[in-house]
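Chain and residue survey
So the chains spell out like this:
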Amino acid sequence: MPEIRTDVNSVTNWNAPLVWEGTFDPVLIDSIYKPMDPRIAVAVFAVGKYTRFLKGFLESGEKYFLVDFRVTYYIFTDHEDEVPEIALGVGRNISVITMPSAKRWQDVVLGRMKWATATIDQQIRGEADYLFMMDIDSVFYGRFGAESLSRLSAVLHRAYYKDTHRDRFPYERRPESQACIPTGQGDYYYTAAVWGGYLEDMYRLVRYCYEQSEIDAKKNIEAAWQEESHLNKYLLYNKPTKVLSAEYLWSDYDYKPDEIRIIRISQLVKNYEEVPEAQGRSHIAQWAQHPPFDRKVMCSIPGTANSAYEEHGLKSCGKVTGS
């Protein structure tokens, strides 16, 4: 049975659920959604050297992501031959969408919205009821289930969910950008590495991010955090119907504080010499200048062996320690 957690907020100020471990009954919520037999799409982009993350993402997704539900992984890639063969559960599929290579990581990020908008129109709309957008350089470590489903579900960014005033959120602040959120405004800071919802609601959001970034581009402006900046602007005025806690996107760089009882999916430690474009996408440099709370940089997933990192071409961060 769900418990009353006093260490975290479990509802937003607009009365949407804020989901943490212990605030829902997994058996009950699965029993509500499974009879509906929803079709769930997961869109991931594996461009350039990011194809090395496909195996870990897909294999862990089959173990933890909406198990026993119908899921299709839509893999956007410029190296179709590097998509691994994965043993999939019943009703689960992989669909590969070939896209051109990009020279800058920013072009990949901004191009995601263009390609996702077109693919929803041309293919996904007839094949899915829900859509999740996810970063491929991640691995599932725990249940990511039907409690995540809603009309529009956003995930709190792990760096800014705790003791951070809204004026310290890394919103786009330049008035000339379409993504601008003025100082003094804002609810939360959401990550663009995991977000989902009803297909049509996600289509409107994805198309919005694409169209707003195009308007900026015509003015020679690129929002501070690309589509994440536009995502936060949209969600300020179109509130999520469900907010997922930072359990739903953590990082192997970070220690696990007490309120994070489970890490459901986590961004991997990367070897920036091998994947240099990943460094620019990271908020780590910004945290160093404006740390949202006291942090230790260490591996945080108990029982994660160094060999698991090496298997996927990653640099291990050494000894695994707890918080």
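Residues numbered from 1 in each chain as written. Predicted model: local features only at pLDDT ≥ 70, side-chain atom pairs only at ≥ 80, totals over all residues. Heavy atoms only, no water.

Further remarks concern the overall build of the chain. Across its full length, the chain holds eight helices and eleven strands. Considering the chain as a whole, with its 323 residues, one finds that 55% of them fall into the buried category. Across the chain, the fraction of contacts at a sequence separation of at least 24, relative to all contacts at a separation of at least 6, is 74%. Here the chain displays about 14200 Å² of accessible surface, and carbon together with sulfur accounts for 50% of that area. (Helix = DSSP H or I, 4+ residues; strand = E, 2+ residues; numbered from the N terminus. Buried < 20%, exposed > 50% of the residue type's maximum accessible area, 1.4 Å probe, protein only. Contact = heavy atoms within 4.5 Å. Areas by Shrake-Rupley, 256 points an atom, 1.4 Å probe, with all protein chains shown as cover.)

Turning next to the pairing of strand β3 (residues 70–77). Among the eight residues in β3, seven count as buried, and that is most of the element. Sheet analysis places strand β2 (residues 39–46) next to β3, joined by eight bridges and oriented parallel. Within β3, the residue paired with Val-42 across the bridge is Tyr-73. Both β3 and strand β4 (residues 92–98) contribute to a ladder of seven bridges, which runs parallel. Bridge pairing in β4 places Tyr-73 opposite Ile-94. (Pairing = 2+ DSSP bridges.)

Okay, the side chain of Asp-216 next. The residue Asp-216 is located in helix α4 (residues 199–218) in this model. In this structure, Asp-216 is buried with no salt-bridge partner, the nearest side chain bearing the opposite charge being Lys-219 at 4.2 Å. Within the local environment of Asp-216, its side chain forms a polar contact with the backbone nitrogen of Gln-178, the two atoms lying 2.8 Å apart. Those residues in contact with Asp-216 that lie beyond four places of it in its chain are Glu-176, Ser-177, Gln-178, Ala-179, Ile-221, Ala-223 and His-230. (Lys, Arg positive; Asp, Glu negative; His and termini not counted. Salt bridge = Lys/Arg side-chain N within 4 Å of Asp/Glu carboxyl O. Polar contact = N/O pair within 3.5 Å; in protein donor to acceptor, adjacent residues only side chain to side chain.)

Moving on to the sheet that holds strand β11 (residues 265–267). Sheet architecture is open: three strands sit in the order β6-β11-β10, paired in mixed fashion. The open sheet has two free edges, formed respectively by β6 (138–140) and β10 (250–251), since each of these has just one partner strand. Of the strands in this sheet, β6 and β11 are in contact with helix α2 (residues 54–64), which crosses β6 at around 25°. (Axes fitted to C-alpha atoms, helices over the stretch in contact; angles between N-to-C directions.)

A few words on the environment of Ala-41. Relative to the helices and strands, Ala-41 resides in strand β2. For the pair Ala-41 and Tyr-73, spaced 32 residues apart in sequence, the C-alpha to C-alpha distance is 6.0 Å. Discounting residues that sit within four places of it in the chain, Ala-41 has contacts with Thr-72, Tyr-74, Ile-124, Ala-128, Tyr-130, Leu-131 and Phe-132.

Counting 40 residues, the largest nonpolar core has Leu-131, Met-133, Trp-195, Leu-205, Leu-231 and Leu-235 as its most contacted members. When contributions to this core are tallied by element, the ones reaching two or more residues are β2, β3, α3 (105–122), β5 (130–134), β7 (152–156), β8 (190–198), α4 and α5 (227–237). Top element by residues in this core is α4. It accounts for seven residues. In this structure, Met-133 is in contact with Ala-43, Phe-45, Met-113, Ala-116, Ala-193, Val-194, Trp-195 and Met-202, ignoring residues within four places of it in sequence. Formed by 38 residues, the second largest nonpolar core is a distinct cluster that contains Phe-132, Phe-144, Leu-149 and Val-155. (Core = buried A, V, L, I, M, F, W, Y, C linked by side-chain atoms within 4.5 Å.)

This brings us to α4. Over its 20 residues, α4 runs 28 Å from end to end, which matches the ideal 28 Å to within 8%, given 1.5 Å per residue. Within α4, the full set of buried residues consists of Leu-199, Asp-201, Met-202, Tyr-203, Leu-205, Val-206, Tyr-208, Cys-209, Gln-212, Ser-213 and Asp-216. Following α4 by one or two positions, Asn-220 has its phi on the positive side, about 60°. (Expected span 1.5 Å × (residues − 1).)

Residues other than glycine seldom take positive phi values, yet Asn-15 does so here, at roughly 70°. Among the structural elements, Asn-15 can be located in the segment before β1 (18–19). Under the relative-accessibility criterion, Asn-15 is labelled exposed at 67%.

On to the sheet that holds β3, then. Hydrogen bonds between backbone groups are what pair the strands of a sheet, and the pairing can be parallel or antiparallel. One open sheet holds the eight strands; their spatial order is β1-β9-β7-β8-β5-β2-β3-β4, and the pairing between them is mixed. Two strands lie at the open edges of the sheet, namely β1 and β4, each paired on one side alone. Here four bridges tie β7 to β8, and the two strands are oriented antiparallel to one another. What sits directly across from Leu-152, in β8, is Gly-197. Packed onto the sheet, α2 meets β2, β3, β4 and β5 and runs at close to 175° relative to β3.

Those residues of helix α1 (residues 26–33) that fall on the buried side of the exposure criterion are Ile-29, Asp-30 and Tyr-33. The buried residues of α1 occupy an angular sector of 100° when projected down its axis, which confines them to one face. The exposed residues of α1 that point more than 90 degrees off its buried face are Val-27 and Leu-28. Residues of α1 that are buried sit in contact with β5. The backbone nitrogen of Val-27 lies 3.0 Å from a side-chain oxygen of the residue at the head of α1, namely Asp-25. (Arc of directions from axis to C-beta.)

Below, the discussion takes up the pairing of β5. In terms of burial, β5 is largely enclosed, as five of its five residues are buried. A two-sided burial pattern is seen for β5, the buried positions comprising Tyr-130, Phe-132 and Met-134 on one face and Leu-131 and Met-133 on the other. The pairing of β2 with β5 spans four bridges and is parallel. Residue pairing for β5: Ala-43 is matched across the bridge by Met-133. The pairing of β5 with β8 spans five bridges and is classified as antiparallel.

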